[in-house]
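Overview (structure and organization)
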Amino acid sequence: MNDLDQLVAAATADFDAAPTPAELENAKARFLGKSGRVTELLKGLAALPPEQKKTRGAEINQLKGRIEAALQARRERLADAELQAQLQAEALDVTLPGRGRGTGGLHPVSRTIERIEAIFGSMGFDVADGPEIETDWMSFTALNNPENHPARSMQDTFYVDLKDEHGAWLNLRPHTSPMQVRYAQAHARKHAPAVAAGQAMPEIRVIAPGRTYRVDSDATHSPMFHQCEGLWIGENVSFKDLKVVFSDFVRQFFETDDFDVRFRPSFFPFTEPSAEIDIAFGSGPLAGRWLEVAGSGQVHPNVVRNFGLDPQAHIGFAFGMGPDRLAMLRYGIDDLRLMFDGDLRFLAQFR
Ligand code: PHE
């Protein structure tokens, strides 16, 4: 091995011993840097006679090429090692089980409301939505409640710490019945020009599902609950129509023909006469018991007047039912509070 071969061997060993790219650059400087050993050799050429200069110069250049190749090889190995280490550190075990994202589903009450909307929709009923914070006039006065009616009392109705333009406290609507008034008023306004021109007003046929509030809380009452109002006003709409429509609804909602419907006399300020609607199934777990499912009645003439309509020309009925209760009956749930606890073990059963 001549001195040049020895130098290549020394450089290669030095490079291979460098554990990091930074140390490799230091090792490079020792051989190829300004005062490195190869550079020193090149400087030594100056002292040689011309004929030796040429061969020695060529040899040193070749040596330089070999050292550079050794340097490059080491650089690549270090870069490779670094990449391997990084891959190891960021290793992803694709065989691990994933973090399952549970599938959600509609709340049983939402499902029930959608069902009610679809069934009444198929019978030509519009679906309306309205404010949950109501005026005293909408919740009570327009619905023919006397000034001192107990429904207005603090024990039944939640009040909001704000007054309307007449100085009356706003309330969290205790029923969806104000939607009768809002919807019928808008309907009457919309068709007023046609009616003035001698045309008949189209019938009002609407349901209004939504949240309602009362100061009440036990296994069958929740301070927030749901109602669905129904209103059908025309020139000649009667209790007979109500019975047909409601029976049809029950048939479709509970998917059975095996039930009876009964109208039990009752009282509401906004209807006269008024009736509770009870149903009794002929079979199934609830068979033979009368279950109260809705309040109803022929809309009181005072209320029709508050709709902005002439009670001599317009007659009809209204009903109000509880989607929460309908859901409980349909799914066999015995405690209303389960509906609003947000317990996934309960809710997941309705996915
Ligand atoms: N609003 C009544 C209630 O909350 C239900 C009802 C609606 C009764 C429409 C008759 C007509 O109890």
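For the structure itself, consult the block above.
In this report, we go over the structure that sits alongside the text.

Conventions used here
Think of each chain on its own: its residues are numbered from 1, step by step along the sequence as written. Local features in this predicted model are restricted to residues whose pLDDT is 70 or higher, and side-chain atom pairs enter the listing and the counts only when it is 80 or higher, whereas totals over whole chains, interfaces and linings include all residues. Only hydrogens and water are removed before side-chain values are computed, so all heavy atoms of the structure are retained for them. Helix and strand definitions follow DSSP, with helices as H or I runs of at least four residues and strands as E runs of at least two, each counted in order from the N terminus. Atoms counted for the radius of gyration: C-alpha only. Globule rule: 2.2 Å times the number of residues to the power 0.38. For every residue, the accessible area obtained with a 1.4 Å probe (protein chains only) is divided by the maximum for its type, and the residue is called buried under 20%, exposed over 50%, and partly exposed between those limits. If DSSP finds at least two bridges between two strands, the strands pair. Whenever a carboxyl oxygen of Asp or Glu lies within 4 Å of a side-chain nitrogen of Lys or Arg, that contact is scored as a salt bridge.

**Some points on the overall build of the protein**
- Looking only at helices and strands, the protein features 12 helices and 10 strands.
- Taking 351 residues into account, the globule formula puts the C-alpha radius of gyration at 20 Å, and the protein, at 44 Å, lies well above it.
- Its C-alpha atoms put the protein at 135 × 50 × 40 Å along the principal axes.
- Here the protein, with 351 residues, has 40% of them falling under the buried criterion.

**Re the pairing of strand E4 (residues 169–172)**
- As paired elements, strand E2 (residues 133–134) and E4 share two bridges and run antiparallel to each other. Bridging across to E4, Ile133 finds its partner in Leu172.
- In textbook terms, the turn of a hairpin is the stretch between consecutive antiparallel strands, and for strand E3 (residues 159–163) and E4 this stretch comprises five residues, one of which, Gly167, has a positive phi near 85°.

**Examining the pattern of salt bridges**
- Across all of its chains, the model carries 19 salt bridges by this definition.
- A salt bridge links Glu255 to Arg115; the shortest N-O distance between them is 3.5 Å. Of the two residues, Glu255 is situated in the loop between helix H8 (239–254) and strand E7 (259–268) and Arg115 in helix H5 (residues 108–122); the sequence distance between them amounts to 140 residues.
- With a relative accessible area of 56%, Glu255 lands in the exposed category.
- Glu292 is the salt-bridge partner of Arg264, the closest N and O atoms lying 3.3 Å from each other. Here Arg264 is found in strand E7, whereas its partner Glu292 is found in strand E9 (residues 291–299), with 28 residues between them in sequence.
- For Arg264, a relative accessible area of 30% corresponds to the partly exposed category.
- Residue Glu292 is classed as partly exposed on the basis of its relative accessible area of 40%.
- Salt bridges sharing common partners tie together Arg262, Arg264, Asp278 and Glu292.

Taken by themselves, the reported measurements are silent on function.
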